[in-house]
Amino acid sequence: LVQAKINGIPVEVPEGTSILDAARQTGIKIPSLCKHEDLLPSAACGMCVVKIAGSPKMPRACAMPIQEGMEITTHDGELTEIRRTVLELILSNHPNSCLTCGRNGNCELQTLAGEFSVRRDRFEKYIPEIPIDNSNGSITIDFTKCIKCGRCVYVCQEIQDVWALSLLERGISTRMAPAGDISLADSPCIKCGQCAAHCPTGAIVENDETATVWEALQNPDKYCTVQIAPSVRVALGEEFGYPPGTNLTKRIYAALRRVGFKAVFDTNFSADLTIMEEASEFVERFAHGKGSLPLITSCCPAWTDYMEKYHHDFVDNFSTAKSPQQMLGVMAKTYFSEKMGVDPATHYQVSIMPCTAKKYELERTGEMFASGYQDVDVTLTTRELACLIKQSGLVFDELPEEEADSLLGEYTGAGTIFGATGGVMEAALRTGYFLVTGENLSPDAMSIHPVRGLEGVKEAEIDIKGAKVRVAVAHGMANVSKVLERVRRARERGEEIPYHFIEVMACPGGCVGGGGQPYGISDAVRQKRMEGLYQEDQDISIRCSHDNPEIKRIYTDFLGAPLSEKSEKLLHTKYKA
Ligand code: HC0
Ligand code: SF4
């Protein structure tokens, strides 16, 4: 441990702790625009300078480890003036377009400019003319709003291992751009939105489609329905002042009805449906030797895109089961439309997702039109839903609690935990166990703790009546390669494969940490949102997908059985090799 003083207050922290972190632990907030707790310090912005007694230099607190006996001053009049000047210099290259910016009201630069009483453009403004890149439909980059903090670049390179973004040129000419200075659409971007989630300003935001949804809702010839993803329910509240993890499912249903949707469905229902198909696929491969192992989950569209770009030798290992978003869409326009007498041509299906890549999944392959129409018409992120609710004048706190619409609304604990890393695996194992043994796991054994939590790669071995199922769960794209490398090595050497089943989610934490979730992501927030989902799984009476009464009904009334011809046609897809 190291002992030092910050603003005269004694502190004791582990060796190597930065001054910035030590100060935070002491209740002192040193401002920064480039440091994010998920990322290593880049010391790019200069906001976090501090004074150290006896030294003429002013080091950057994010990159300077605290040392024994240091006496640090983090705030005084001079430091305030320096920080204000740093902000004024940044603003000399930043447009004053807060009113029309996607981050209006929650931009870190705007907040600091307010806190530091920046009231005028002190330096001459120079804003280079660079066109906005909205070429990929999921995220939009306005380079003129970039402050070169490097967060997006580091998250894209180090955490996601995609390397779509880079810092080009040097010195004052440094700028962020897709590597090779190409368009985002031509880049290897997998649309995960982690760059947007980590950007401090409005330089990278989701492609806003709220107006498209309003247009559909206004159209008397359209029958608009909606679905909400597992992790939206435990994060949306943050936009309305609730703590992360607060489960607001029933109030979200009420809000969506008041916004104008004719029926409100739950993606948790179709998560149960995905499990029926995917667990059946697993049992076919594991117990009956039909198809390649390991089976790899495919419901995360950023991961699917990544696999097709970087790991296509695993294409045969991919579960062909569509994601819950897509299954819900196709069931809405076939089964629900049929039962309720709705013309599928007029049926307009909106999905609310924590994810920017879901916007891309809608049109991924021809199979996403299995109902004869585009199965899901448009995706809004959790953040866009918050805007839609605010635009509707609804006082969220005062909404009643309502239920989802039947046929596609009932769900189990297995469906809800999809939103957390490890959740799809846990849900699939519950049903896989049942399919093999004809019995349910005991309530205790049903909570498969080794696959829960924020560890980048999690491994477990599950005993299904003597047969050992080895599983791995990876989240954050950079962790995936480690797992796949192990499989490749075993294959090359002709050894037994290390895993039978692998779950992959592109975003750290899984969908709870998705690129379309309310801003302010950190491990503490991911943890709280995950706890919200696991709590629901504990509280709910039915915890296995195969026990969902509406799932049983959809198979008896419509699909026949998992992997039946009809199920294959409507609920399964293909990948590019
Ligand atoms: Fe997810 Fe999903 S769990 S990808 O992580 O499978 O986006 O929340 O909706 O589709 O269900 C996201 C979240 C979903 C899908 C589900 C899966
Ligand atoms: Fe990189 Fe993901 Fe952003 Fe694309 S969306 S640029 S892959 S971080």
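An unreviewed UniProt entry annotates the protein chain as 2Fe-2S iron-sulfur cluster binding domain-containing protein originating from Oceanipulchritudo coccoides. As stated in UniProt under Subcellular location (unreviewed entry), the record for the protein chain gives "Membrane". Under the heading Sequence similarities (unreviewed entry), UniProt records this for the protein chain: "Belongs to the complex I 75 kDa subunit family."

Brief notes about the sheet that holds strand β4 (residues 71-73)
The mixed open sheet is built from four strands, whose spatial order is β2-β1-β4-β3. The sheet is open, and its two borders are formed by β2 (9-13) and β3 (51-52), each paired with just one other strand. In terms of strand pairing, strand β1 (residues 2-6) meets β2 through five bridges, oriented antiparallel. Across the sheet, Ile6 pairs through a bridge with Ile9, a residue of β2.

Section: the site of ligand 1
Surrounding ligand 1, one finds 22 residues, the nearest of these being Ala229, Ser231, Cys299, Pro324 and Cys511. Listing elements by their share of the shell around ligand 1, those giving two or more residues are α8 (267-288) and α10 (324-340). In terms of residues, the shell around ligand 1 owes the most to one element, α8, which gives three residues. Of the residues in the shell around ligand 1, the class split is 13 nonpolar, eight polar and one charged.

Here we look at the packing of α8 against α10
At a minimum axis distance of 8 Å, the contact between α8 and α10 shows a crossing angle of 100°. Classified by the interaxial angle, the pair formed by α8 and α10 is roughly perpendicular. Along the contact surface, α8 presents Thr267, Phe269, Ser270, Ala271, Leu273 and Thr274, while α10 presents Pro324, Gln325, Met327, Leu328 and Met331. Here the contact of α8 with α10 is composed, by residue class, of seven nonpolar, four polar and no charged.

Some remarks on α8
Compared with an ideal rise of 1.5 Å per residue, which puts 22 residues at 32 Å, α8 spans 30 Å between its outermost C-alpha atoms and is within 8% of the ideal. Within α8, 18 of the 22 residues are buried, which leaves the element mostly enclosed by the surrounding structure. Where α8 terminates, the next one or two residues include Gly289, which has phi positive at roughly 65°.

What counts and how
- Residues numbered from 1 in each chain as written.
- Chains lettered and ligands numbered in written order.
- Predicted model: local features only at pLDDT ≥ 70, side-chain atom pairs only at ≥ 80, totals over all residues.
- UniProt positions renumbered as here; feature names shortened; annotations may be inferred.
- Pairing = 2+ DSSP bridges.
- Helix = DSSP H or I, 4+ residues; strand = E, 2+ residues; numbered from the N terminus.
- Near = placed C-beta within 6 Å.
- Nonpolar A, V, L, I, M, F, W, Y, C, P; charged D, E, K, R; others polar.
- Axes fitted to C-alpha atoms, helices over the stretch in contact; angles between N-to-C directions.
- Parallel < 35°, antiparallel > 145°, perpendicular 65-115°, else oblique.
- Contact = placed C-beta atoms within 7 Å.
- Expected span 1.5 Å × (residues − 1).
- Buried ≥ 20, exposed ≤ 12 C-beta atoms within 10 Å, placed from the backbone.

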